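# Structural features, examined
If you want the building blocks of each chain, they are given just below.
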Amino acid sequence: MKYAGIDIGSRSIEIVVLRNGNIVHSAKTDTTFDLLAQCKLLMKGIEAAKIVATGYGRKLFTDESGINHVEAITEIQAYALGARRIYPDVRTVLDIGGQDTKVISLNSNGKVVKFEMNDRCAAGTGKFIEFMAAALQVPIESFGAFALKADKKIHINSMCTVFAESEATSLMARGEKPANIAIGLHQAIVDRTFSMLSRVDGKTPVLFAGGVAHNPCVKSLLEEKLRDTIIIPDNPDMVGALGAALYSAGR
Amino acid sequence: MSEDYKDMWKSLGLNLEAHDMLLKALGKGYQDIYMTQQNRPAGMGYFDFVMSEVHGLRIKELIDEKRAGRKVIGSFCVFVPEEIVLAADAVLVGLCTGADFAMEDVEKLLPRNTCSLIKSAFGFKLGKVCPYLESADMIVGENTCDGKKKSYETLNDLVSNLYVMDIPQMKSIKGRDLLKAEYMRFKNAVEELTGITINSARLKKGIEIVNNKRKAIHKLSILRKAEPVPLSGLDALLINQVFFYDEPIRFTESVNKVCDELEMRIRKEEGVLPKGASRILISGCPMALPNWKLPWLIETSGAVIVGEESCVGERGIKNLTDNSGNTVEELMEAIIDRYFKVNCAIFTPNQDRLKDIEEMVKTCQADGVIHYGLQFCQPYLMESISVEKALEAKNIPTLRIETDYSMEDVEQLRTRVEAFIELIK
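All residue numbers here refer to positions counted from 1 along the written sequence of the relevant chain. Key to labels: chains lettered from A, ligands numbered from 1, both in the order written. For a predicted model such as this one, the threshold for reporting local features is a pLDDT of at least 70, and the threshold for listing and counting side-chain atom pairs is 80 or more; totals across whole chains, interfaces and linings nevertheless cover every residue.

This part takes up the overall build of chain A. A count of helical and extended segments in chain A gives nine helices and nine strands. What the globule rule says is 2.2 Å times the number of residues to the power 0.38, and the radius of gyration is computed from C-alpha atoms. The C-alpha atoms of chain A give 18 Å as radius of gyration, which agrees with the globular expectation for 251 residues (18 Å, within 12%). Dimensions of chain A, computed from C-alpha atoms along their principal axes, come out at roughly 60 × 40 × 30 Å. The buried share of chain A, reckoned over its 251 residues, is 48%. Only runs of H or I of at least four residues qualify as helices and only runs of E of at least two qualify as strands under DSSP, and these elements are numbered from the N terminus. Labels follow a simple rule on C-beta atoms placed from the backbone: if 20 or more others lie within 10 Å of a residue's own, it is buried; if 12 or fewer, it is exposed; otherwise it is partly exposed.

Spelled out as structure tokens, the structure:
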């Protein structure tokens, strides 16, 4: 019997298929403007006894995909389940995705006790990084490594994507090194994330998931701030889909 | 609503085109949110009717009352004592503050970072779409939060009949003295407006009518706590909202009818949702008609709301006014005592509100609390943090929501609400 989990995020969609508790298939694609078509593409050839959807597209998927045996859970639950499978002792899950940031606090039995999410504004999320990388004309994949080359940390005051972009632009106009601006932008994200972690009283170990976990600068600044190492799984994008698949298989 | 009211609306100076738009949106919202609910008590039919005629028949009634010599007083707050208004044969109505309207015009007069409730009041005035405001002979503003207090200075330029009541900020002897002085001044103002001298018999009668209205809601609040829950939180909220608009005696009868039906339902274990649905207590800012956003999200996510610690809810109707006094002075003291117990977040400190929330969690057997804060509402947002901490220290799961009247954040809110329901299951 196969069980699938699909995480339909604002930027990408991931699928994980389990058989006897082992991952037998996983794949990822961009969300695009037609997320249902993208989901179908990912689902092609997959026969699962049950599929569980999570992410912001979960409702559309359960209502419109035409697939039976579909259920939806929130990202909070999916990430908590997935993270615990990867690292059973995890107490805090941090996910920075395309349009939202969430922190989830688990008790020692792995139950979600509290969570925080950013509000409607995408400040401090993957979207913010994407905009800032574009403003500094650095490819998003290497933006973190680029920032780590800084020789000093410029303080960026604004957390709003629009304001931070104009702040970065005026810094560039004053001749500031792009890498120094870049690390300032990363620090702004980390400060914001850290305050969310404090609000849930986040205990260590912390597992960092979502697309932004690929960014080495966010990781290193966050560790500096936490004064502890954080765990980044091999496939940080797949944690939500894995959690959904585990839920599908009945945990 | 029928075409018959067009002339009436015109005579009130409403902008018919804008008003039509508002009614269409209201009708659609009501249809989508209320009429899609399952297993509603038949007695809710009355409230459906009230809603369908909220700008029609009810306004016609008010105009008829005015023709018969009664005065209409409009209010934005539960601190305006209805007892005094009724004692002078006047009618008290809540004014519209539950939906965004004419926001571009509003933001010319008020800072953008003003809460939705205040902006809404201005939107209805500037858009000329609130027949209650336009029928009012006196509009009562009250110095509760800074936002309202300062915005009345601006509202005063837009209307000719604004009366501003000062409200204390501390539950001290001085605070009570202030409330007393202001209620006495209000009594005089109402007497002057109506030409009626309020005597003890009149005041007693006013108190009785309002107490009966509150008693009906008290009964409803107890009945709706049954398991399975016999009445949706949306419907209970609607009843609490209509409280501010309807003719009080008819309203009381209609609520009591719903209560009779709920008693039957409880005997038959008939619920709006099956047994075991997560039970949520809402606490925080008032939800004025037609603000149904958060309750709708909660109740379409598989949970049910069992109480509202809110001015449109328990906080607003909690205590009765002692009717045993024989003189105007004694009865006025009783009115002051009753209102001075309202635990609004404008008071500092305000620990009694926390006690109220904890008490409601117990009596409602709530699985968790969702704290509802309107964006930019300083008093409630400030308290939301200490309320959350205090409740969590007692292992009561709490979710803080901060939002406004717009629908753009609905999906983000839905994720949080659903995740909270998963957490408390």
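Moving on, there is more to tell.
On to the sheet that holds strand β3 (residues 22-30) of chain A. Residue and element names in this part refer to chain A. One open sheet accounts for five strands, arranged β3-β2-β1-β4-β5; its pairing is mixed. One side of each edge strand has no neighbouring strand; the edge strands of this open sheet are β3 and β5 (70-72). On average, adjacent strands in this sheet sit at an angle of 20 degrees to one another, irrespective of strand direction. At least two bridges found by DSSP between two strands are what make those strands a pair. As defined by bridge partners, strand β1 (residues 2-8) adjoins strand β4 (residues 50-54) across five bridges and the pair is classed as parallel. Each residue of the ladder has a partner; that of A4, found in β4, is I51. Lying over the sheet, helix α9 (residues 239-248) contacts β1, β2 (12-19) and β4, oriented at roughly 140 degrees with respect to β1. Where helices are involved, their axes are fitted lines through C-alpha atoms of the stretch in contact, as for all axes, and angles between N-to-C directions lie from 0 to 180°. What counts as a contact is two residues whose backbone-derived C-beta atoms lie within 7 Å of each other.

A few words now on the sheet that holds strand β1 (residues 72-75) of chain B. Residues and elements named next belong to chain B. Here four strands make up an open sheet; going across it, the order is β2-β1-β3-β4 and the pairing parallel. Of all strands in the sheet, those bounded by a partner on one side alone are β2 (91-94) and β4 (162-166). Sheet twist, expressed as the average angle between the axes of neighbouring strands with direction ignored, equals 30 degrees. Of the strand pairs in this sheet, strand β3 (residues 138-143) and β4 are connected by five bridges, and their pairing is parallel. Within the sheet, the bridge partner assigned to N143 lies in β4 and is D166.

Glancing now at the domain arrangement of chain A. Residue and element names in this part refer to chain A. The domain boundaries here were taken from an automatic or database domain assignment. Parsing chain A into structural domains produces domain 1 (1-87 + 235-251) and domain 2 (90-232). When each unit is reduced to the centre of its C-alpha atoms, the spacing between domain 1 and domain 2 is 25 Å. Facing 16 residues of domain 1, the contacting portion of domain 2 comprises 23 residues. The greatest single-element share of the side of domain 1 that touches domain 2, amounting to eight residues, is contributed by helix α3 (residues 75-86). Of the residues in the side of domain 1 that touches domain 2, the class split is eight nonpolar, four polar and four charged. In this classification, the charged set is Asp, Glu, Lys and Arg, the nonpolar set is Ala, Val, Leu, Ile, Met, Phe, Trp, Tyr, Cys and Pro, and all remaining amino acids, among them Gly, are polar.

Time to look at the packing of helix α7 (residues 116-126) of chain B against helix α9 (residues 146-158) of chain B. Residues and elements named next belong to chain B. Where α7 meets α9, the closest approach of the two axes is 10 Å, and the angle between their N-to-C directions is 10 degrees. Between α7 and α9, the crossing angle belongs to the class labelled roughly parallel. Taking contact as the criterion, the partners of I118, F122 and K125 in α7 are, on α9, G147, K148, S151, L155 and L158. Taken together, the residues that form the contact of α7 with α9 break down as four nonpolar, two polar and two charged. Orientation is classified from the angle alone, with under 35 degrees giving roughly parallel, over 145 giving roughly antiparallel, 65 to 115 giving roughly perpendicular, and any other angle giving oblique.

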